[in-house]
Amino acid sequence: MEYSKEQAIKIVTECAGKYVSQLSERSLLFITTDKHKNTSAIEVFFEKWNYLHLTGLEIDKKAIPAERFLEICLAKKLSPKDFKLRTDGTTNLKLQVLPFLMTKNLSANAIGNYNGSGLDLYTEKIAGGVKGCVGFRIDAVTKHLVPNTVLNKDIRLCTETPQARIVATFRKSRNENIYSEIVYAAKKVEWDRLNFPEGYTYLFEQIKK
């Protein structure tokens, strides 16, 4: 399906509201396991200016900086003249999957290292599932993992194997010191056989409640 500019505006405007209510100025903590039941923790951060990169729209960033783009979407003032749809079809692919991913846990049940399958794409970690995923890279200033793309792909096709299973996802706002909100817990997990990573053992008791 090829979207018109008007359809693209409708999607990115609606998803901007979801991004702000679910992700912006927050962080997610993924607790993962490998086949040996070893656990790891991966933290990702969401800022206002990250949203533009997830839409696939081409914007003149001198005229509309990334953070301003989100504000324009929220105000429902994005105009067809403000952007271009990429000629390689990637904008359409991103817009198809964006609404599915703009949730409090990214609809993610696995995470892995990007396998370099997209020649024009630079990203490092990918979180998601079979219906789509979000790519993350290290921000040069904050040194945090931040979102820089969405992929309309099965995560198994764009990450190195084996992927880590996400067994729990926690969310907090920027002004909170610790995680207390559980936004995803996998099914059929033998929690008593897991040891949460150092620094996050307090979350183990929360998830067993």
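For the structure itself, look to the data block above.
Source: prediction; values computed, not measured.

Asker: Report on the overall build of the chain, specifying residues and quantitative values.
Answerer: Helices and strands together make up the secondary structure of the chain, namely six helices and 10 strands. Compactness check: the chain gives a C-alpha radius of gyration of 17 Å against a globular reference of 17 Å for 209 residues, within 12% of the reference. Projected onto the principal axes, the alpha-carbon positions of the chain cover approximately 55 × 35 × 30 Å. Relative to its full complement of 209 residues, the chain shows a buried share of 47%. Of all intrachain contacts in the chain linking residues separated by at least 6 positions in sequence, the fraction that spans at least 24 positions is 60%. Summing over all exposed atoms, the chain offers an accessible surface of approximately 11,200 Å²; the carbon and sulfur share of this is 50%. Across the chain, 32 positive and 24 negative side-chain charges occur, with their mean positions spaced 3 Å apart.

Asker: Provide a residue-level description of the packing of aromatic side chains, including the pertinent values.
Answerer: Each aromatic ring pair is summarised here by two numbers: the centre-to-centre distance and the angle between the ring planes. Taken as a whole and judged by the stated rule, the model has six aromatic pairs. Ring geometry for Tyr19 and Phe46: centres 6.4 Å apart, planes at 70 degrees, overall edge-to-face. Here Tyr19, found in helix α1 (residues 5-22), pairs with Phe46, found in strand β2 (residues 39-46); they are 27 residues apart in sequence, far enough to count as distant. Residue classification places Phe46 among the buried residues on the basis of a relative accessible area of 1%. Where Phe196 meets Phe204, the ring centres are 5.3 Å apart and the plane angle is 70 degrees; that geometry is what we call edge-to-face. Taking relative accessible area as the criterion, Phe196 reaches 7% and is therefore assigned buried.

Asker: Would you mind going over the pattern of salt bridges in detail, with residue names and values included?
Answerer: Pairing is possible between side chains of opposite charge, provided their charged atoms come close. For the coordinates displayed, the defined rule picks out eight salt bridges. Here Glu47 and Arg174 are joined by a salt bridge, their closest N and O atoms 2.2 Å apart. Here the residue Glu47 occupies a position in the loop between β2 and α2 (51-55), and Arg174 occupies one in the loop between β9 (164-173) and β10 (181-185), the gap between them amounting to 127 residues. When the shortest N-O distance is used, the salt bridge between Glu190 and Arg193 registers 3.2 Å.

Rules behind the numbers
- Residues numbered from 1 in each chain as written.
- Predicted model: local features only at pLDDT ≥ 70, side-chain atom pairs only at ≥ 80, totals over all residues.
- Heavy atoms only, no water.
- Helix = DSSP H or I, 4+ residues; strand = E, 2+ residues; numbered from the N terminus.
- Rg over C-alpha atoms; globule rule 2.2 N^0.38 Å.
- Buried < 20%, exposed > 50% of the residue type's maximum accessible area, 1.4 Å probe, protein only.
- Contact = heavy atoms within 4.5 Å.
- Areas by Shrake-Rupley, 256 points an atom, 1.4 Å probe, with all protein chains shown as cover.
- Lys, Arg positive; Asp, Glu negative; His and termini not counted.
- Charge placed at Lys NZ, Arg CZ, Asp CG, Glu CD.
- Phe/Tyr/Trp six-rings, centres within 6.5 Å; stacked < 30°, edge-to-face > 60°.
- Salt bridge = Lys/Arg side-chain N within 4 Å of Asp/Glu carboxyl O.

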